[in-house]
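Summary of the model geometry
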Amino acid sequence: MIQQLTEKISFIGFGDLARALVEGALRAEALKPEMLTVTSPSLIAGRKNTPFHLAMTNLQAAEHADVIVLAVKPSQIEMVCQEIVDVVREDQIIISVAAGKTVSKIENYLACRTASIVRAMPNTAVAVEAGVTALYYHPAFKKSKRNFVQDFFQSTGTVIEVDKEEDLDLFTAISGSGPAYFFYFQEALMHAASRLGLSQEIAQILVKQTMHGASLLTQNSSSATFQEKRAEVTSPGGTTAAAISYLEKHHFLELIDQMVEKAYLRARELG
Ligand SMILES: NC(=O)c1ccc[n+]([C@@H]2O[C@H](COP(=O)([O-])OP(=O)(O)OC[C@H]3O[C@@H](n4cnc5c(N)ncnc54)[C@H](OP(=O)(O)O)[C@@H]3O)[C@@H](O)[C@H]2O)c1
């Protein structure tokens, strides 16, 4: 059952990921809109709107919050921490979703004023309560304070706690960036469908529904591996076999290996 959260939460940075998290947690009724404060330069300047409380500075956002979510780009984390450091308290929870930035770096940016720091690596499927979020807690983060973090992210999907911080970079490369890989594959299928003469409208339906169906098929069978699932729909000498054998001949697996490694190395660089 989803726990209704009572903490005051401030999002510093309210871009794609922050919006996805809020959307998911509101859909799940884990959050009440009135408990949310958000801030970002475009909101402050009035270039974008928000239905939530708007803080006019990062300091103001941090000051009255029980939970501060750092949802800016990794390169902006240090600057934001320096802005809020004077009001950060031990009783607050700091959640950073920034790729690569380690807990100890964030702790240092915050002048070691708190150890209640947790790194989260969600993906944007949190918006539809189908996300997957990896969590890594500062070793001194009190067990008794972890419930909020668990409940918040669980309201948006699956949560996996990791003991080794380095593993977060792997999650970043697989599930953090993952939705984009599948979108790109859908884009490629759309391209192919259109080249073969299908209308965009029909191709959209086919591509979307096929992805959805394939996802359900893998979710609903706990026994078969992905490889076995693929074998089930690949008759020797048939159409699917012709397609897959072309991918194999062109080193598809190696290409994906390299793709994921690039994301992994980039996550490490960003730290
Ligand atoms: N997107 C993903 O799929 C994903 C997945 C996992 C983790 N992450 C992590 O999530 C973080 C945010 O990513 P994103 O994709 O949401 O990026 P984004 O859409 O570019 O959002 C960044 C937000 O930070 C705001 N910002 C910039 N400078 C600021 C400052 N000095 N003070 C306060 N806010 C400031 C931006 O404001 P403006 O609106 O004014 O530009 C924007 O709202 C990154 O660290 C990324 O590594 C993202």
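Just above sits the structure.
Starting afresh in each chain, residues are numbered from 1 along the sequence in its written order. In keeping with the model being predicted, local features are shown solely for residues with a pLDDT of at least 70 and side-chain atom pairs are shown and tallied solely at 80 or more, while totals for entire chains, interfaces and linings include all residues. Side-chain calculation: all heavy atoms of the structure are included, whereas hydrogens and water are not.

Strands are runs of DSSP state E lasting at least 2 residues, helices are runs of H or I lasting at least 4, and numbering of each runs from the N terminus. Counting secondary structure elements, the protein contains twelve helices and eight strands. Dimensions of the protein, computed from C-alpha atoms along their principal axes, come out at roughly 65 × 35 × 35 Å. Contacts in the protein between residues far apart in sequence, at least 24 positions, make up 65% of those at least 6 positions apart. Residue burial considers only the protein chains on display, and all accessible areas are found by Shrake-Rupley using a 1.4 Å probe. Summed over all atoms, the accessible surface of the protein reaches about 15600 Å², with 57% contributed by carbon and sulfur. For the purpose of counting charges, residues Lys and Arg are taken to be positive, whereas Asp and Glu are taken to be negative. His and the chain ends are not included. Taken as the charge location is NZ of Lys, CZ of Arg, CG of Asp or CD of Glu. Computing the positive centroid from 25 side-chain charges and the negative centroid from 30, the protein places the two 3 Å apart. What makes two residues a contact is simply this: any of their non-hydrogen atoms within 4.5 Å.

Before going further, it helps to spend a moment on helix 4 (residues 77-84). Note on exposure labels: buried denotes an accessible area under 20% of the residue type's maximum, exposed denotes more than 50%, and partly exposed covers the range between, all computed with a 1.4 Å probe on protein chains only. Burial in helix 4 covers these residues: I77, V80, C81 and I84. One face of helix 4 carries all of its buried residues, which in axial projection span an arc of 100°. Comment: arc refers to directions from the helix axis out to C-beta atoms.

Geometry of aromatic contacts follows a simple scheme: Phe, Tyr and Trp rings, the Trp one being its six-membered ring, pair when their centres are within 6.5 Å, and the pair is stacked under 30 degrees between planes, edge-to-face over 60, tilted otherwise. All chains considered together, the criterion is met by five aromatic pairs. Look at F11 and F14: their rings are 6.0 Å apart centre to centre, the planes differ by 65°, and that puts the pair in the edge-to-face class. An angle of 75° between the planes, with centres 5.0 Å apart, marks the rings of F152 and F153 as edge-to-face. The pair formed by F152 and F153 is uniform in burial state, with each residue classed as buried. Each residue in the set F11, F14 and F52 is aromatic and connected to the rest through ring pairs, giving one cluster. In our convention, an over-ring charge means Lys NZ or Arg CZ found within 6 Å of a ring centre and within 35 degrees of that ring's normal. Sitting above the plane of the Y137 ring, R146 keeps its charged end 4.1 Å from the centroid.

All right, on to the environment of E261 then. One can find E261 in helix 12 (residues 252-270). Put simply, E261 and I174 are 87 residues apart on the chain and 9.4 Å apart in space, counted from C-alpha to C-alpha.

We now examine the packing of helix 7 (residues 167-176) against helix 8 (residues 178-195). The interhelical angle for the contact between helix 7 and helix 8, taken along N-to-C directions, is 30°, at an axis separation of 5 Å. Classified by the interaxial angle, the pair formed by helix 7 and helix 8 is roughly parallel. Between helix 7 and helix 8, the contacting residues are A173, I174, S175 and G176 on the first element and G178, P179 and Y181 on the second. Three classes are used: nonpolar for Ala, Val, Leu, Ile, Met, Phe, Trp, Tyr, Cys and Pro, charged for Asp, Glu, Lys and Arg, and polar for all others, with Gly counted as polar. Counted by class, the contact of helix 7 with helix 8 contains four nonpolar, three polar and no charged residues. In this analysis, axes come from line fits to C-alpha atoms, helices being fitted only over the stretch in contact, and the angle between any two N-to-C directions falls in the range 0 to 180 degrees. Any angle that falls under 35 degrees is termed roughly parallel, while one over 145 is termed roughly antiparallel, one within 65 to 115 roughly perpendicular, and all others oblique.

To continue, consider the packing of helix 7 against helix 12. Running from amino to carboxyl end, helix 7 crosses helix 12 at an angle of 135°, the nearest separation of the two axes being 8 Å. As the angle between them shows, helix 7 and helix 12 are arranged oblique. In this structure, helix 7 crosses over helix 12, and the sense of that crossing is right-handed. From helix 7, D169, L170, T172, A173 and I174 reach across to helix 12, where they touch V260, A263, Y264, A267 and R268. Residue composition of the contact of helix 7 with helix 12, grouped by class: seven nonpolar, one polar and two charged. Handedness of each helix crossing follows the sense of rotation of the near helix against the far helix: counterclockwise by less than a right angle gives left-handed, clockwise gives right-handed.

Across a regular strand the side chains alternate sides, sitting on one face of the sheet and then on the other. Counting buried positions over the five residues of strand 6 (residues 117-121) gives five, a clear majority of the element. Side chains I117, R119 and M121 project from strand 6 onto one buried face, and the interleaved V118 and A120 project onto a second face that is buried too. Pairing of strand 5 (residues 93-96) with strand 6 involves three bridges; the strand directions are parallel. By the bridge assignment, I95 is partnered in strand 6 with V118. With helix 5 (residues 103-109) bridging strand 5 and the parallel strand 6, this β-α-β connection has right-handed handedness. Inspection of the sheet shows strand 6 paired to strand 7 (residues 131-137) by four bridges, in the antiparallel sense. Following DSSP output, two strands are said to pair if at least two bridges run between them. For the handedness criterion, the strands are oriented away from the viewer, and a crossover whose path from the first strand over the helix to the second runs clockwise is classed as right-handed.

The next thing to look at is the site of the ligand. Residues are labelled near a given molecule or strand when at least one of their non-hydrogen atoms is within 4 Å of it. Neighbouring the ligand are 24 residues; F14, D16, L17, S42 and V72 lie closest to it. Polar contacts, as counted here, are pairs of nitrogen or oxygen atoms within 3.5 Å of one another; within protein the pair requires one atom able to donate a hydrogen and one able to accept it, and residues that are adjacent in sequence qualify only if both atoms are side-chain atoms. Here K48 contributes a side-chain N or O atom positioned 3.5 Å from an oxygen atom of the ligand. Here an oxygen atom of the ligand sits 2.6 Å away from a polar atom, N or O, in the main chain of V72. Here the ligand, which alone exposes 900 Å², has 79% of that area covered by the protein. Note on definitions: the grid is 1 Å and covers protein atoms alone; a cavity is a set of points where a 1.4 Å probe fits but cannot get out; a pocket is an open set with protein on both sides within 12 Å along at least five of seven lines; lining residues have an atom within 4 Å of a point. For a molecule to be placed in a cavity or pocket, more than half of its atoms must lie within 2 Å of the grid points of that cavity or pocket. For the ligand, the cavity whose grid points lie within 2 Å of the majority of its atoms is the second largest pocket. At the level of elements, helix 1 (16-27), helix 2 (41-44) and helix 4 are the ones that each hand at least two residues to the shell around the ligand. Looking at the shell around the ligand residue by residue, the class counts come to 14 nonpolar, seven polar and three charged.

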